[in-house]
Amino acid sequence: MTPESEQKIKEVFEKQKAFFKTNKTKNIEFRKEQLRKFREVFLNHTDALCEALDIDLGKSRKEAEYVEIQIVSSELDYLLENIDEWAKPTPVESKPHPSGAKIVSKITYQPYGVNYIIGPFNYPVQLTFSPLIGALIAGNTAIIKPSENTPHVAKVIEKIIDESFDESYVKVFQGAIEENTLLLSLPFDYIFFTGSPNVGKIVMKAAAEQLIPLTLELGGKSPTIVHKDADLDKAVSRISYGKWINCGQTCVAPDYIYIHESVKDSFINKFIAYLKTTYPEGSLGKIGKIVNTNQIKHLAGYLDAAPEKVIYGGAYDSETRHFEATLMDQVTWDDQVMQQEIFGPILPIMTYTDIDVALEEINNRPKPLALYVFSESEEFANDVLNRTTSGDAEINSAIIHVGSHFLPFGGVGTSGIGKYHGKFSFQAFSHSRSVLEVL
């Protein structure tokens, strides 16, 4: 990083501090006007974003529009439609005043100030712009650092921001560790980070040194339990969608399957038949690209450590960054593939006969970002949810909860801190201020 780049970052930070102090961002109409302009610019760059997503991650036009563009635009519409109501003070009951005077109590919502948003590589559009629109609808300013691992998308993101906002309001800075380190040293009013738990620790440590509030959207090994009474055809197609989309590089992707021993063989046969039709062997590129060659080597290491356990797929091309949909069977907790979040198109399968033992194994490990249960018994599914902890959960489905702006999304423990989406984004980026007035 050049001295000029460092100076520019500090200069923009101070500009945003000064602009926030003008109180312009506290005006609801200002927020809506700015976000309507952003929406127009954003949608006008759909072609550029889809092209960049294809280059960086091998996402098809259909997938890019569905999981990146449309999620941002639909959530933005929802925020614009509801901000007037959400921003109103919330009246609450009051305790009696010792003198008998009348008391009025309410909760008001204040923006924090200058926000720092750190975007990830796996859904670089959705997971950069969704936090941004939450920050802006709450009345904040923002500095954004897109992921350096998706450089083509990052350039389009910067172009969109430059066309939509003045830098004293929203600004993008490109870069990697050096730039992020500098940005994290600045006294931001709020930090929002999406990425790995390891980097999340670095961000949280930097925030702790200045007592900066933050949201961490991390990840983990999200379990998928398939009980003996599950509809196996539905389980196969829904788990497959959740696992292979974006080449398995999804923080809430089913990380591994825990299936009842009595239906494992039938399940595997159905799964392989489904894959042969949907992602046939030799169709490298069908599910997108791995972000870089280092991650290809990392994923290949899982297969090299236990080649006899690969029952479908396993091929990859380091040059094109393609990796096949891959199933592994007879996996145990001691296998290398079970030691950390996979973040790729490899799906290990383990079995259980006693659900109590399976749940104990899950609960003995870090709390996952998501947990999925496939069962025709609502009682069984709810019992599993009651006896486990995860950021979020689904029954007879996988990953679609992320696209709902009616549900709070986020982790717990090592899988994250804080929730956002829809109204919960407004709340995440707002300070809830208690106000008591004695009349």
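Scroll up for the structure.
Residues numbered from 1 in each chain as written. Predicted model: local features only at pLDDT ≥ 70, side-chain atom pairs only at ≥ 80, totals over all residues. Heavy atoms only, no water.

Here the focus is the side chain of Ser240. For Ser240, the position within the fold is in helix α9 (residues 232-244). Taking the relative accessible area as the measure of exposure, Ser240 reaches 0% and is therefore buried. Among the polar contacts made by the side chain of Ser240, one reaches the side chain of Trp244 at a distance of 2.7 Å. The contacts of Ser240, once residues within four sequence positions are left out, are Ala235, Ile245, Phe271, Tyr274, Leu275 and Tyr279. (Helix = DSSP H or I, 4+ residues; strand = E, 2+ residues; numbered from the N terminus. Buried < 20%, exposed > 50% of the residue type's maximum accessible area, 1.4 Å probe, protein only. Polar contact = N/O pair within 3.5 Å; in protein donor to acceptor, adjacent residues only side chain to side chain. Contact = heavy atoms within 4.5 Å.)

Moving on, we come to the pairing of strand β14 (residues 346-352). Among the seven residues that make up β14, six are buried, leaving the element largely enclosed by the rest of the structure. Of the pairings in the sheet, the one linking strand β9 (residues 256-260) to β14 comprises four bridges and is parallel in character. Paired with Ile259 across the bridge in β14 is Thr351. Relative to β14, strand β13 (residues 326-328) is paired through three bridges, and the arrangement is parallel. Within β14, the position partnered with Met328 by the bridge is Pro348. (Pairing = 2+ DSSP bridges.)

Within the structure shown, the criterion is met by 26 aromatic pairs. With a centroid separation of 5.9 Å and 15° between ring planes, the pair formed by Phe38 and Phe165 is classed as stacked. One end of the pair, Phe38, is in helix α2 (residues 28-44); the other, Phe165, is in the loop between α6 (151-164) and β5 (170-172), with 127 residues separating them in the sequence. Residue Phe38 is classed as buried on the basis of its relative accessible area of 0%. When the ring of Phe267 is compared with that of Phe271, the centres are 5.4 Å apart and the planes differ by 90°; the resulting orientation is edge-to-face. Residue Phe267 and its partner Phe271 are both found in helix α10 (residues 264-278); the two are separated by four residues, about one turn of the helix. For Phe267, a relative accessible area of 0% puts it in the buried group. Judged by relative accessible area, Phe271 falls into the buried class, the value being 0%. Through pairs of rings, three or more aromatic residues link up here, namely Phe19, Phe30, Phe38, Phe42, Phe129, Phe165 and Tyr169. The ring centre of Phe173 lies 6.0 Å from the NZ or CZ of Lys171, which sits over that ring. Seen from the ring of Trp333, Arg365 lies directly overhead, with NZ or CZ sitting 3.7 Å from the centre. (Phe/Tyr/Trp six-rings, centres within 6.5 Å; stacked < 30°, edge-to-face > 60°. Lys NZ or Arg CZ within 6 Å of the ring centre and 35° of its normal.)

Everything listed here is a matter of coordinates, which is why it stays silent on function.
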